[in-house]
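Listed below, chain by chain, are the residues.
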Amino acid sequence: MTPADRQRLLDVAADDGARRGRNYCHALAELTDEWLRALFDAAIAAHPPGNERVALVAVGGYGRGELAPFSDLDVVLIHDAKARKVAKIIEPVASAIWYPIWDSGVTLGHGVRHFDEQVTLARDDFDSATAVLTARPLAGDEDLVDQLRRDCEGLWEGRSKRHLDELHRRTVERQRRSADVAYHLEPDLKDGHGGIRDVQSLWWAQVAGLSIPASDEAELEHCYDTLLRARVALHQATGRAGDILRLENQDDTAARGGWSDADAMMADIAAAGRTVAWLCDENWGRAFAPSRRRAEEPVAPGVVLRSGEIDLADGADPGDDPTLVLSAAVAAARHDARIARPALERLSDETAPWDGAWPTGATDELVNLLLQKKQAIPVLEALDQRALLSRLLPEWEPVRSKPQRNAYHRYTVDRHLWEAATNAAELVDRVARPDLLILGALFHDIGKGYPGDHTDVGMELMREIGPRLGVGSDDVDTLVAMIEHHLLLPDVAMRRDLTDPGTIAQVADAVGSVERLDLLHALTEADSKATGPSAWGSWKEELVNELVGRVRHSLGGGDLGDVSWRLFPDVDTLARMASGERHLTGADDLITVVTPDDPGVLSQVAGVLALHGLDVLTSRASSDAHGMAASQFRIGSPGDGFEWSDDGDWGEVCADLHRALDRELAVEARIAEHARTYRRRPPQQAQSPAPPSVTFDDAASSDATIIEVRAESSVGILHRIAKALAELGLDIRHATAQTVGVDVVDTFYVRGRSGLVTDPFHRDEIRAALLHAVAQPIS
């Protein structure tokens, strides 16, 4: 078979796209069986083995009849020939089979073994033991293969405890080192936590004696079909073997797999991955849970702790007491225990939908559940696996397993909301109303499950949900405000000048009260930490805290012009400015430049930092009456290897900064050279970069025009933008730079020669210059 013949075989298996997933794998396996049987028959005809028994056996995934387009072909040639006859009789047969397979381009996993050798290997090598569990005769002596399977299954039964321990150990290790299939932007469909291998491990564990409920078996089969469908489509989309569903392949994979789009595919994969992970945790957890034999303990009305699990008390009736579902959940989180499966199934079967107002006390129970912090997460997952959360709150259904396909967000929408709410539970001592903080965190992104702007939709949903929860009208207004402004503090802190009284006044007007400010402050931290590792850090925390302190001061009637609020220039910088000489200092990701006043300072500094792989996060500028200017730049973390010493990395940066400020460094030429050799994988983002835009705002600052530039990130982009502004005679008083996915959002406080930039013609020229700058990378 030539590679072209192999491709025709793949096309036949696909049946013009009609076969997908497991059906495709079975079809491809059957076609491959026919090919290998023909090879075997030809080999036996050419090299008759005489009285020696020989069989060609499919093992592993091929043995199960699950052959993905570019999976390895795992086969073993089993025989019972004596050692002295192998080279003469068996090896020619094997070579006559293997070489045509290699010539076809198929990756072959093969072996030639005596029957006794294969049994010994299955006894001593765990991977071989699992592979032989699915051994399937392809050609030759079937009695030899049947005997092999019986002997190997007997080994499994005799070593069941050892094999269960090893399977559990490997599952735990895989979970420790692998990302969750459900939550990773680019999931590993096979070895990720909640992936194909986890399902197979449970199947193998069943052979070793692990008891799995029939309902769990059915769920595992359904999830396995979804994951295998995606894996087959991935192979077809890429034309090669692979298990990691890369972002750039997701659209094509979705089309090949028969999904409407990549979002629908990733939602199905997330749901399947979550269920597999949960069923693994449930079944392995119960099998390896420590034995607990103590008296039954009542822990809530109708709820008991029994044998280490939360169960329903005798006589408890979820049909009569609808709050039992939340009472049991709170008890499970408090005791860090599972809800007993029979109890969970009863709650699922007997809890009626809550279509109207919630039962008395139910909202308090929901808040109490989330106040258990991270111990609430596995309990919420258990409830969600039986769709109980959507039954209590129908508005929850659209966010279930909804992916957020960008590198900024780690979790699906529903898991993100759980994480935010349980993060908020760590911060309740900072607010006057912990209940509102918890509810606001739980619902702040509820609108993401619906069409339209998620904030606007979420506000409308909360106006409907709040009264059903029994929340008073004033508190509903507060929850609506929390949803409306849940991004206010981080956006302002990261993109605006916090020393500008206009900025503080605008936030204070939006927030309205210290109580809401405290709620939004805590929500900002909880939400950011739930988003992902890049969404919260010491720099962002410092800026948000600074903003909150200033807004609190304003809401309390304080004077924002008070010198105590001055952040830059500080005393040391003022002294350097008074000297009239240039000073460059750098430490702890903060660079300060004191130099004769020049509108091109930001452009030159940003260019040098780009050359050294350093990103400017914020810039502050100030000048005095004596022609001296000071600029301060906070840069992104340069990495653990960066040395802030004069004879280390900072010394090299400092030398280039002096050259650039003296106009002795060809910054643009150097950046162009750097850009040609600078290769990195683009940021992970499902959406294409937004078109570049330039906006002006005169109202948000008391003495400057704010220009916000959004564009696709590229090497030296801040240098180009700042240079364009300087060429138009604009003085940059403050600047921030932020990267969000594949985009940058750069904000500049500028003044023209006559103050605010209000002339329409001038603004049009500024916009044209900036759009040209961001659209034309240096080359």
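The notes below deal with the structure included here. (Residues numbered from 1 in each chain as written. Predicted model: local features only at pLDDT ≥ 70, side-chain atom pairs only at ≥ 80, totals over all residues. Heavy atoms only, no water.)

1. Notes on the overall build of the chain
Counted only if it meets this: The secondary structure listing takes helices from DSSP runs of H or I that are at least 4 residues long and strands from runs of E that are at least 2 residues long, numbered from the N terminus. Exposed residues in this analysis have more than 50% of their type's maximum accessible area, buried residues have under 20%, and partly exposed residues fall in between, with area computed by a 1.4 Å probe over protein chains only. In what follows, a contact means two residues having at least one pair of non-hydrogen atoms within 4.5 Å. What sets the accessible areas is the Shrake-Rupley method with a 1.4 Å probe; for residues, cover comes only from the shown protein chains. Note that His is not counted, nor are the chain ends; the positive residues are Lys and Arg, and the negative ones are Asp and Glu. Charged side chains are reduced to one point each, which is NZ for Lys, CZ for Arg, CG for Asp and CD for Glu.
Looking only at helices and strands, the chain has 31 helices and 15 strands in total. For the chain, the spread of C-alpha atoms along the three principal axes comes to 105 × 75 × 50 Å. A burial count over the chain gives 53% of its 779 residues as buried. Contacts in the chain between residues far apart in sequence, at least 24 positions, make up 70% of those at least 6 positions apart. Here the chain has roughly 33,400 Å² of accessible surface; of this, 47% comes from carbon and sulfur atoms. When the 83 positive and 127 negative side-chain charges of the chain are each reduced to one mean point, those points stand 5 Å apart.

2. A short note on the sheet that holds strand β12 (residues 693-697)
This is how it is decided: If DSSP finds at least two bridges between two strands, the strands pair. To obtain an axis, a line is fitted to C-alpha atoms, over the contacting stretch when the element is a helix, and the angle between two such axes runs from 0 to 180 degrees between their N-to-C directions.
Spatially, β8-β9-β11-β10-β14-β15-β13-β12 is the arrangement adopted by the eight strands of the open sheet, whose pairing is antiparallel. Across the chains shown, the open sheet's two edge strands, defined by having one partner strand only, are β8 (583-587) and β12. When the angles between neighbouring strand axes are averaged without regard to direction, this sheet yields 15 degrees. The sheet contact formed by strand β14 (residues 731-740) and strand β15 (residues 743-751) spans nine bridges and is antiparallel.

3. Some details on the side chain of Ser 401
What counts is decided by this rule: The term polar contact refers here to a pair of N or O atoms within 3.5 Å; inside protein, the definition further demands a hydrogen-donor-capable atom paired with an acceptor-capable atom, and it admits residues adjacent in sequence only when both atoms are side-chain atoms.
Note that Ser 401 resides in the loop between α17 (388-392) and α18 (413-424). Residue class for Ser 401 comes out buried when judged on its relative accessible area of 8%. Within the local environment of Ser 401, its side chain forms a polar contact with the side chain of Arg 274, the two groups lying 3.3 Å apart. Beyond its immediate stretch of four places on either side in the chain, Ser 401 contacts Ala 267, Ala 270, Ala 271, Arg 274, Thr 412 and Asp 414.

4. Description of α18
As a reminder, the rule being used: Expected span, for any helix, means 1.5 Å times one less than how many residues it has.
Its 12 residues give α18 an end-to-end C-alpha distance of 16 Å, which sits within 8% of 16 Å, the value for a rise of 1.5 Å per residue. Counting buried positions along α18 gives 12 out of 12 residues, so the element sits mostly inside the fold. Lining the buried residues of α18 we find α12 (262-287), α15 (362-370), α16 (376-385), α17, α19 (434-443) and α24 (514-531).

5. Re the packing of helix α7 (residues 142-158) against helix α8 (residues 160-177)
For clarity, the threshold we go by: Angular relationships are summarised with four words: roughly parallel below 35 degrees, roughly antiparallel beyond 145, roughly perpendicular across 65 to 115, and oblique for the angles in between. Each residue receives one of three labels: charged for Asp, Glu, Lys and Arg, nonpolar for Ala, Val, Leu, Ile, Met, Phe, Trp, Tyr, Cys and Pro, and polar for the others, Gly being one of them.
Where α7 meets α8, the closest approach of the two axes is 5 Å, and the angle between their N-to-C directions is 80 degrees. On the basis of their axis angle, the class for α7 and α8 is roughly perpendicular. Mapping the contact onto sequence places Leu 155, Trp 156, Glu 157 and Gly 158 in α7 and Ser 160, His 163 and Leu 167 in α8. Considered class by class, the residues forming the contact of α7 with α8 number three nonpolar, three polar and one charged.

6. Quick notes on the pattern of salt bridges
Convention followed: For salt bridges, the criterion is a side-chain nitrogen of Lys or Arg within 4 Å of an Asp or Glu carboxyl oxygen.
Within this structure, the stated rule accounts for 56 salt bridges. For Glu 708, the salt bridge identified is with Arg 496, shortest N-O distance 3.7 Å. In this pair, Glu 708 is assigned in strand β13 (residues 705-712) and Arg 496 in the loop between α22 (488-495) and α23 (501-511), connecting sequence segments 212 residues apart. As far as the burial class goes, Glu 708 and Arg 496 line up, both buried.

7. Some remarks on the packing of helix α21 (residues 473-484) against α24
Worth spelling out the cut-off: If you view the pair so one helix is near and one far, a crossing is left-handed when the near helix is turned anticlockwise from the far one by less than a right angle, and right-handed when it is turned clockwise.
Relative orientation of the contacting elements α21 and α24 amounts to 45 degrees, with a least axis distance of 10 Å. In terms of their interaxial angle, α21 and α24 are classed as oblique. When the axes of α21 and α24 are compared, the crossing they make is right-handed. Two secondary-structure elements touch here, α21 through Asp 477, Thr 478, Ala 481 and Met 482 and α24 through Arg 516, Leu 519, Leu 520 and Leu 523. Split by residue class, the contact of α21 with α24 holds five nonpolar, one polar and two charged.

8. Observations regarding the sheet that holds strand β7 (residues 309-312)
Strands sit in the order β5-β6-β7 across an open sheet of three strands; the sheet is antiparallel. Of all the strands in the sheet, just β5 (297-300) and β7 have a single pairing partner and so form its edges. Each neighbouring strand pair of the sheet contributes to a mean axis angle of 40 degrees, computed without reference to strand direction. Summarising the sheet, β5 and strand β6 (residues 303-306) pair through three bridges and their orientation is antiparallel. Opposite Ala 300, over in β6, you have Val 303 as the bridge partner. Each of β5, β6 and β7 touches helix α13 (residues 324-334); the most contacted strand, β6, lies at about 35 degrees to it.

9. Section: the nonpolar core
Note on soluble globular proteins: their nonpolar side chains tend to be buried together. For clarity, the cut-off: For our purposes a nonpolar core is just a set of buried Ala, Val, Leu, Ile, Met, Phe, Trp, Tyr and Cys residues, chained together by side-chain atoms within 4.5 Å.
One finds Leu 36, Leu 77 and Ile 101 to be the most contacted residues of the largest nonpolar core, which totals 164 residues. Considering each element in turn, this core owes the most residues, 10 residues, to α12. Once you skip the residues sitting within four places of it in the chain, Leu 36 turns out to touch Leu 56, Tyr 62, Leu 73, Val 75, Ile 101 and Leu 138. Within the second largest apolar cluster, 47 residues are counted, among which are Ile 591, Leu 657, Val 750 and Leu 770.

10. With respect to the environment of Ala 38
Its location among the elements puts Ala 38 in helix α2 (residues 21-46). Between the C-alpha atom of Ala 38 and that of Ala 139, which follows or precedes it by 101 residues, the distance is 8.9 Å.

11. Topic: the pairing of β6
Counting the residues between successive antiparallel strands, the hairpin from β5 to β6 contains two residues, one of them, Gly 302, with a positive phi of roughly 80 degrees. Strand direction decides the pairing type here: β6 and β7, joined by four bridges, are antiparallel. Among the inter-strand pairings, Val 304 is bridged to a residue of β7, identified as Asp 311.

12. What to know about the packing of aromatic side chains
Stated formally: Here the aromatic set is Phe, Tyr and Trp, taking the six-membered ring for Trp, and pairing holds for ring centres within 6.5 Å; pairs whose planes are under 30 degrees apart are stacked, those over 60 apart are edge-to-face, and all others are tilted. Here, over-ring charges are defined by two tests on the NZ atom of lysine or the CZ atom of arginine: distance to the ring centre within 6 Å, and angle to the ring normal within 35 degrees.
Under the criterion given, the structure shown has seven aromatic pairs. Taking the centre distance of 4.7 Å and the plane angle of 55 degrees together, the rings of Trp 203 and Tyr 224 count as tilted. With a gap of 21 residues between them, Trp 203 in helix α9 (residues 196-207) and Tyr 224 in helix α10 (residues 214-238) connect regions that are remote in the sequence. In this structure, Trp 203 and Tyr 224 share a single accessibility class: buried. Over the ring of Tyr 62 we find Arg 136, and its NZ or CZ is 5.2 Å from the ring centre. The residue whose ring lies beneath Arg 229 is Trp 259, and the NZ or CZ to ring-centre distance is 3.7 Å.

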